[in-house]
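# What the coordinates show
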Amino acid sequence: NNTDEKEALNFLLAYDREASAMCNNVMNTQWDFNTNITESTKQRMLETQLEYAKFQKDVWATATTFKWKTFRDPSIRRQFKVLSVLGRAALPEEKLKEIQQLLADMRDIYSRNRVCPYVKQPKNASLPIRMESVKCNLALDPDLTRIMAKSKDDNELTYMWQQWHDETGRPLRSKFMRYVELSNEAARLNGFKDTGDQWRASYDIEDFNSELDELWMGLRPLYQQLHAYVRRRLHHQHGKIVPLDGPIPAHLLGNMWAQSWSNLYDTTVPFPNKNSMDVTLSLKRQGYDPVRMFQLADQFFVSLGMKSVPDSFWTASMLEKPLDREVVCHASAWDFCNGRDFRIKQCTEVTMEDLTTAHHELGHIQYYMQYVNQPLAFREGANPGFHEAIGDVVALSVSTPKHMQKIGLLDKAADDPEVDINYLYSMALDKIAFLPFGFLLDQWRWKVFSGEIPFDQMNKAWWDLRLRYQGVAPPVNRSEHDFDAGAKYHVPANTPYIRYFVSFVLQFQLHKVLCEASGHVGPLHKCDIYQSREAGKLLAELLKLGSSKPWPDAIRILTRGRTSRMDPGAIMEYFQPLMEWLQKQNTEEKAGWRGMNSGITIKT
Ligand SMILES: CC(=O)N[C@@H](CC(=O)O)C(=O)NC[C@H](CC1(C(=O)N[C@@H](Cc2ccc(O)cc2)C(=O)O)CCCC1)C(=O)O
Ligand SMILES: [Zn+2]
């Protein structure tokens, strides 16, 4: 067992050079597949992923010959700790090939799925319209996203919801089950109980589950008040299909997964005669295109004294859906591991929602650029929730009426408490509506990985959790032939999800700290850190760390020693005026729904 720390340091330097080159290779072939789905780009990607896995296995074999746990230098110890987890590469080659193939196929199925349009059968039609004449080429992005956002026809919404869930979930179910088995085998080879255990390790928290439960219990009252208000408004629009004491049907919330309700703003806004918060119209009227939306977001970071994207970003990124080939439209940010190539792939539409997403993705790019001088092993977020929070923190400033007026996207509005409530309501439709979904998706997945949810009860357990935490129900009956969790990108994409729940709490903590640094006084929801060099300096200091320090240290630095934990106080403070308003509105009925305290009932 090699105790030579000097030799260990040389090993790490050599690893960094070689791993960066290998990583660049894999990122290029993954980019080529995601921006041009063909058999050949899929094969090319699988080949380089296999090469990378073999390289990681060799590195792991060497790294574990060092007695790194005894090394004095904390940074060297921490880098070896990262290298000592091999991941999927721990699998024997045949199984490694099988799981890589499954992941590529699941991404392919999800991204290339097309469904049939809703054909309204006229009442007096002598015979149903021939379906053969209808082209079934509707894509999730942008077609189904737009229909779920805009349609007011309950039958069309039910049809599109069912088409998407049937056509994606079912073909993925068997592949997903095999992926779970192989992923768990790899996790056990790395010394974890199962894949969920391995994923939770990224947060380095002894009892992560109880910390998450505590956070959720603190936030649940606010969610229930919003749920009760929206449910009543939907009851008035749709009648008895929306029961006043039960769950909300999932297809009526403006989003395929009912995870963001911002598309209900126009029809449920508290004070409709006050100016609208949705700047989509202004974006279109002022001739914004995707590039200009990203330039706006990039300029915000520059205004904080932070980095601008390199010129290559504009030529190498894919900011619009190409017409001539199949792509993975789900937005994403890419770090090509060579310190200078950073890209975004997004099928951008000119909408407020996509402007927010542009900020979210550029937040990832800013993080990549800030920690560029860290060793590869530390080029990650302090924890995955941090990486998800950066872009959203900036968007919290950008979306304020004050900032929107500053950049000419919103008319001047008087300082009016009703406008405030409208604004907080529009933010809650995104940030509060999301919380239970962000919480439950991995609660479900971790239980599938651990076997608590057997394969033959995955769908029942999914809807038990959706009822318990989100208070939503499927618009039509579901069975175990369905695989409704698979209709959500991150499940076939093998992307962990609790990071978003963590981010939605963390981003308000960060916002509060940066607002104080910028000298903001007044309510938190009115803060705009635009052009504040002090805020930018503090944020850059956090991002430069990457994952080189345990994340509680990062929070301690940010809050100048005030705390080191995730704290829901900031998000509660931000939405306090709305909470009071909702409680007044909801007096005549109790918040909550039948089944909100039920657990997952596994038939043993
Ligand atoms: C190569 C690679 O994969 N890179 C990673 C980044 C990295 O790890 O370095 C990456 O780009 N992941 C894609 C993913 C995309 C989005 C997403 O999936 N969002 C969640 C939850 C949510 C919803 C609302 C919201 O405001 C914020 C989050 C959803 O849509 O359900 C789509 C819309 C926004 C973010 C992302 O950017 O996180
Ligand atoms: Zn993200």
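For the structure itself, consult the block above.
Residues numbered from 1 in each chain as written. Chains lettered and ligands numbered in written order. Predicted model: local features only at pLDDT ≥ 70, side-chain atom pairs only at ≥ 80, totals over all residues. Heavy atoms only, no water.

When helices and strands are tallied, the protein shows 21 helices and four strands. On C-alpha atoms alone, the protein measures out to a radius of gyration of 24 Å, which is about the 25 Å that the 2.2 N^0.38 rule sets for 604 residues. Overall size of the protein, expressed as C-alpha extent along the three principal axes, is 80 × 60 × 50 Å. A burial count over the protein gives 58% of its 604 residues as buried. When contacts within the protein are restricted to residue pairs at least 6 apart in sequence, long-range pairs at least 24 apart make up 77% of them. Split by element, the accessible area of the protein, about 25,100 Å² in all, is 51% carbon and sulfur. Of the charged side chains in the protein, 74 are positive and 75 negative; the average position of the first set lies 1 Å away from that of the second. (Helix = DSSP H or I, 4+ residues; strand = E, 2+ residues; numbered from the N terminus. Rg over C-alpha atoms; globule rule 2.2 N^0.38 Å. Buried < 20%, exposed > 50% of the residue type's maximum accessible area, 1.4 Å probe, protein only. Contact = heavy atoms within 4.5 Å. Areas by Shrake-Rupley, 256 points an atom, 1.4 Å probe, with all protein chains shown as cover. Lys, Arg positive; Asp, Glu negative; His and termini not counted. Charge placed at Lys NZ, Arg CZ, Asp CG, Glu CD.)

Within the structure shown, the criterion is met by three cavities of 30 Å³ or more. The computed volume of the largest cavity comes to approximately 80 Å³. For the largest cavity, the full set of lining residues is M148, A149, S151, K152, L157, L234, Q237, H238, L252, G254, L264 and T267. If you tally residues by element for the lining of the largest cavity, the top one is helix α8 (residues 208-238), at three residues. Partitioning the lining of the largest cavity into residue classes produces six nonpolar, five polar and one charged. Of the volumes computed, that of the second largest cavity is approximately 50 Å³. Lining the second largest cavity, in full, are F386, L506, Q509, L510, V513, I555, L558 and T559. (1 Å grid on protein atoms, 1.4 Å probe; cavity = no way out; pocket = protein on both sides within 12 Å on 5 of 7 lines; lining within 4 Å. Points joined across faces, edges and corners; volume = space filled by probe spheres on them. Nonpolar A, V, L, I, M, F, W, Y, C, P; charged D, E, K, R; others polar.)

Relative to the assigned elements, E7 resides in helix α1 (residues 5-34). Taking C-alpha positions, E7 is 57 Å from P401, a pair spaced 394 residues apart along the chain. Each residue touching E7, except ones within four places of it in the same chain, is listed here: N2 and F66. At 3.1 Å, the side chain of E7 and the side chain of N2 are in polar contact. (Polar contact = N/O pair within 3.5 Å; in protein donor to acceptor, adjacent residues only side chain to side chain.)

Distances from the zinc ion (ligand 2) to its protein donors, H360 (NE2), H364 (NE2) and E388 (OE), fall within 1.9 to 2.0 Å. We note that the donor set of the zinc ion (ligand 2) lies within a single chain, spaced as H-x3-H-x23-E. Of this pair, H360 and H364 both sit in helix α13 (residues 352-370), four residues apart, which is roughly one turn of the helix. We classify H360 as buried; its relative accessible area is 12%. With a relative accessible area of 8%, H364 lands in the buried category. (Donors = N, O, S within 2.8 Å, 3.2 Å for Na, K, Ca; no water.)

A few words on the pairing of strand β3 (residues 342-345). The two faces of the sheet receive side chains in turn, since in a regular strand these alternate between them. Of the two faces of β3, the one lined by F342 and I344 and the one lined by R343 and K345 are each fully buried. Note: strand β2 (residues 332-335) against β3, four bridges, orientation antiparallel. Paired with A333 across the strands is I344, a residue of β3. The turn linking β2 back onto β3 is made up of six residues, and C337 within it adopts a positive phi angle of 60°. (Pairing = 2+ DSSP bridges.)

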